[in-house]
Amino acid sequence: MMEFLYFPTDKSEYIPAVLMLAVFILLAGITMYFIIKASRKEEKRTENLAASKTKHSTNHHR
């Protein structure tokens, strides 16, 4: 019926797949950490830029 599915009787054949899955999950977590870190840095930079423009435009109109 479903011959394309292969479930090995020797469960030790799952070990490489589980190890690769663990590696990819770890790498995805590390990548996510660096993306969040860069996003927070960019957010602070944008807030500082907006604050300096607001401050500059307020002083300029006086």
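Read on for a plain summary of the structure. (Residues numbered from 1 in each chain as written. Predicted model: local features only at pLDDT ≥ 70, side-chain atom pairs only at ≥ 80, totals over all residues. Heavy atoms only, no water.)

Some words on the pattern of salt bridges
Then comes step 1: Scanning the model with the defined rule gives 1 salt bridge in all.
Then comes step 2: Here Glu42 ties to Arg45 by a salt bridge, and the two come within 2.8 Å at their closest N and O atoms. Of this pair, Glu42 and Arg45 both sit in helix H1 (residues 15–60), separated by 3 residues, roughly a single helical turn.
Then comes step 3: Given a relative accessible area of 39%, Glu42 falls into the partly exposed group.
Then comes step 4: For Arg45, a relative accessible area of 52% puts it in the exposed group. (Salt bridge = Lys/Arg side-chain N within 4 Å of Asp/Glu carboxyl O. Helix = DSSP H or I, 4+ residues; strand = E, 2+ residues; numbered from the N terminus. Buried < 20%, exposed > 50% of the residue type's maximum accessible area, 1.4 Å probe, protein only.)

Geometric values such as these leave the question of function open.
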